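# Remarks on the overall topology
Chain by chain, the residues:
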Amino acid sequence: VAVQGHVEHWPIAARAFRDLMSYRHRQETGKMLSATALEDHCRALSGEALFDGACHRTFLRMGEAGRSLYLNLGDAAWRGVAIDAQGWQVIERPPVRFQRARSMAALPEPVRQSQGIAALRPFLNTGSEEDFRMMVAWLLGCFHPRGPYPILILTGEQGSAKSTTAKVLRSLIDPANPMARSAPQSEQDLVIAAKHNHVMAFDNLSGVKPVLADALCRIATGGGFGTRKLHSDSDEVLFTATRPILLNGIPDLASCPDLADRAIVVHLPVIAPTARQFEAEFWKSFERAAPGILAALLDATSCALARIGSVTLPERPRMADFAKWITAAEPALGWPDGSFLHAYASNRQHTQAAALDGNPLAEAILALLAAHGPWQGTATELLRSLRQTAPSLAADPDSFPRYPNKLTNALRRVQPLLRGRGVEVTQDRESGTGQRVIRLECA
């Protein structure tokens, strides 16, 4: 059991192994094996397994071997789905090693149906066809075993089914119990959660702090965390992970420029009282449709594997690998050529605009340029001018830099947002004095 990677069954395997050792010794010698001798045998064999045995890479939901991908169904029989450029099939024992966390739940067995990905539409509260395509694209991106993955952010008023939509999406790739969690309190908690979940879903957020936003960006594009090993002063434990991330909340959560640059933001409309469904009926309908929806996603994944080598993008947007993966799957989804890139570009434009509107520093700079035109000076002078021009925006110490050195760092973060509004920010040192001079001007 332990060799197959069934980590949660290790205590059962250890007890069974000890019982087997005692039984075999009694059969051979007619005597019971002492507890000390039994432990010595166990330690010797554990050492051989750790240091002399073969090493294998392990996966959670999606694994890869050669040109094939493998989806862990997570059922009691440890079945999986083998996916390649020719199609997919359910198999009894995938050739890759899968881990299974205690929170992991089983996926439905996929069954082909005629509707394709359109069968998912009744279960997602979307305001437009482009929003539907963005959700499907994020979901299909989760079937890539390596990433990077865009961060899907669902926003909307109360009663817009944000949590339900998030549960539907996660149920099709990485169901778990619980489906969504509250925001982690530290980067260490975030990385540990990433070790046990293929999809990280955080529910009902009121905001994303800059520290957490930076950590989410690292997890989405590939990052790690190091901490001191327990009961040790010199050893270090390293965690690395690249995971799809799903956030939902009422306010705009992509106010941090780095987060907005990696995000797909979908605003969900409010559901009219006459259009609401009973929750039990909704989930029964979804359970009936889920096998067919999963099969449509597997068809699209197979199509992406077949076409990924021949796809060329007219331009490479942020998260270009993700964009190429979805573009390669367009025929299986029934989308016209280039429709995903068009929807993705439009979504990014709206996301960047929302991030600019929610950033006090960027708004203060735009107000300064509107009032005084092009500006030049030191960080200290710029901080003073911004406070005079937009005192209300500069009043919050948590979102507006209080010191010149912090302002310089914050400027680098908002430069992409300002560039989208035609504002160029340059920071140069004057020859002779070496003083850093900041220039703000409209392109």
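Here the structure is shown first, and the text comes after it.
Residues numbered from 1 in each chain as written. Predicted model: local features only at pLDDT ≥ 70, side-chain atom pairs only at ≥ 80, totals over all residues. Heavy atoms only, no water.

### Describing the overall build of the chain
Note the following rule: Each helix corresponds to a stretch of at least 4 residues labelled H or I by DSSP, and each strand to a stretch of at least 2 residues labelled E; elements are numbered beginning at the N terminus. Contact criterion: two residues are considered in contact whenever any of their non-hydrogen atoms come within 4.5 Å of each other. Reported accessibility uses the Shrake-Rupley method at a 1.4 Å probe radius. Residues are deemed covered only where the shown protein chains occlude them. His is not counted, nor are the chain ends, whereas Lys and Arg count as positive and Asp and Glu as negative. Charged groups are reduced to one reference atom each: NZ for lysine, CZ for arginine, CG for aspartic acid, CD for glutamic acid.
Along the backbone of the chain there are 13 helices and 15 strands. For the C-alpha atoms alone, the extent of the chain along its principal axes is close to 95 × 60 × 45 Å. When contacts within the chain are restricted to residue pairs at least 6 apart in sequence, long-range pairs at least 24 apart make up 66% of them. In the structure as shown, the chain presents an accessible area of about 22800 Å², 50% of it carried by carbon and sulfur atoms. The averaged location of the 44 negative side-chain charges in the chain is 3 Å from the averaged location of its 48 positive side-chain charges.

### A closer look at the packing of helix H4 (residues 162-171) against helix H8 (residues 279-307)
For any two helices packed against each other, the geometry is given by the interaxial angle and the distance between the axes. Applied cut-off: All axes are obtained by fitting lines to C-alpha atoms, using only the stretch in contact for helices, and the reported angles, taken between N-to-C directions, cover 0 to 180 degrees. Our angle categories are set so that under 35 degrees counts as roughly parallel, over 145 as roughly antiparallel, 65 to 115 as roughly perpendicular, and the remainder as oblique. Take the far helix as your reference; a near helix turned counterclockwise from it by less than a right angle gives a left-handed crossing, and one turned clockwise gives a right-handed crossing. Note on residue categories: nonpolar means Ala, Val, Leu, Ile, Met, Phe, Trp, Tyr, Cys or Pro, charged means Asp, Glu, Lys or Arg, and polar means any other residue, Gly included.
In the contact formed by H4 and H8, the axes pass within 12 Å of each other and the chain directions differ by 20 degrees. Relative to H8, H4 is oriented roughly parallel. By crossing handedness, the relation of H4 to H8 is classed as right-handed. For the pair H4 and H8, contact is made by Thr-164, Lys-167, Val-168 and Ser-171 and by Phe-282, Trp-283 and Phe-286, respectively. Residue composition of the contact of H4 with H8, by class: four nonpolar, two polar and one charged.

### Side note on the environment of Leu-120
Within the secondary structure, Leu-120 is located in the loop between strand E6 (97-98) and helix H3 (129-141). Each C-alpha atom of the pair Leu-120 and Ile-438 lies 50 Å from the other, and the pair is 318 residues apart in sequence. Sequence-distant contacts of Leu-120, that is, excluding residues within four places in its chain, are made with Phe-132, Val-136, Leu-139, Val-168, Leu-172 and Ile-293.

### Concerning the nonpolar core
The test is simple: Here, nonpolar core means buried Ala, Val, Leu, Ile, Met, Phe, Trp, Tyr and Cys residues that are tied together by side-chain atoms lying within 4.5 Å of each other. Each residue gets one of three labels from its accessible area relative to the maximum for its type: buried under 20%, exposed over 50%, partly exposed in between, using a 1.4 Å probe on protein chains only.
Within the largest apolar cluster, 64 residues are counted, with the highest numbers of intra-cluster contacts made by Leu-71, Leu-120, Ile-293 and Phe-340. Looking at which element gives the most residues to this core, the answer is H8, with 13 residues. In this structure, Leu-71 is in contact with Arg-61, Met-62, Arg-79, Gly-80, Val-81, Phe-98, Leu-107, Phe-143, Ile-173, Leu-294 and Leu-298, ignoring residues within four places of it in sequence. Within the second largest apolar cluster, 54 residues are counted, among which are Ala-241, Leu-361, Leu-369 and Trp-375.

### Observations concerning the packing of helix H11 (residues 360-372) against helix H13 (residues 404-420)
Taken N-terminus to C-terminus, the directions of H11 and H13 make an angle of 75 degrees; their axes are 9 Å apart at the nearest point. Regarding the angle of H11 to H13, the classification is roughly perpendicular. Taken together, the residues of H13 that come into contact with H11 (itself represented by Leu-361, Ala-362, Ile-365 and Leu-366) are Leu-407, Ala-410, Leu-411, Val-414 and Leu-418.

### Observations regarding the environment of Tyr-403
As for its position among the elements, Tyr-403 is in the loop between helix H12 (379-389) and H13. C-alpha of Tyr-403 to C-alpha of Ala-379: the two residues are 24 residues apart in sequence and 8.7 Å apart in space.

### Comments concerning the side chain of Arg-348
Put simply, the test is: Counted as a polar contact is a pair of N or O atoms within 3.5 Å, where, for protein atoms, one must be capable of donating a hydrogen and the other of accepting one, and residues adjacent in sequence contribute only when both atoms are in side chains.
On the secondary structure map, Arg-348 appears in helix H10 (residues 339-357). On the basis of relative accessible area, Arg-348 is assigned to the buried category, the value being 15%. Of the polar contacts made by the side chain of Arg-348, one reaches the backbone oxygen of Asp-261; its length is 2.9 Å. Setting aside residues up to four positions removed in sequence, Arg-348 forms contacts with Asp-261 and Arg-318.

### Notes on H13
What counts is decided by this rule: Take the number of residues in a helix, subtract one, and multiply by 1.5 Å to get its expected span. By definition, a residue's bend is the angle between the axes fitted to the seven residues ending there and the seven starting there.
Over its 17 residues, H13 extends 24 Å from the first C-alpha to the last, a length consistent with the 24 Å expected when each residue adds 1.5 Å. Along H13, the sharpest change in direction is near 50 degrees and occurs at Val-414; proline Pro-416 comes one to four residues later. Buried within H13 we find Leu-407, Thr-408, Ala-410, Leu-411, Val-414, Gln-415, Leu-417 and Leu-418. Directly after H13, the chain includes Gly-422, whose backbone phi takes a positive value near 80 degrees.

### Thoughts on the sheet that holds strand E4 (residues 80-84)
Test applied: Two strands qualify as a pair provided that DSSP identifies no fewer than 2 bridges between them.
Across the sheet, which stays open at both edges, the four strands sit in the order E2-E3-E4-E5 with antiparallel pairing between neighbours. In the strand order of this sheet, the two ends are held by strand E2 (62-65) and strand E5 (87-91), each with one partner. Each neighbouring strand pair of the sheet contributes to a mean axis angle of 25 degrees, computed without reference to strand direction. Pairing geometry for E4 and E5, over five bridges, is antiparallel. Counterpart to Ala-82 in the pairing with E5 is Gln-89.

By themselves, these are just geometric observations and shouldn't be taken as functional.
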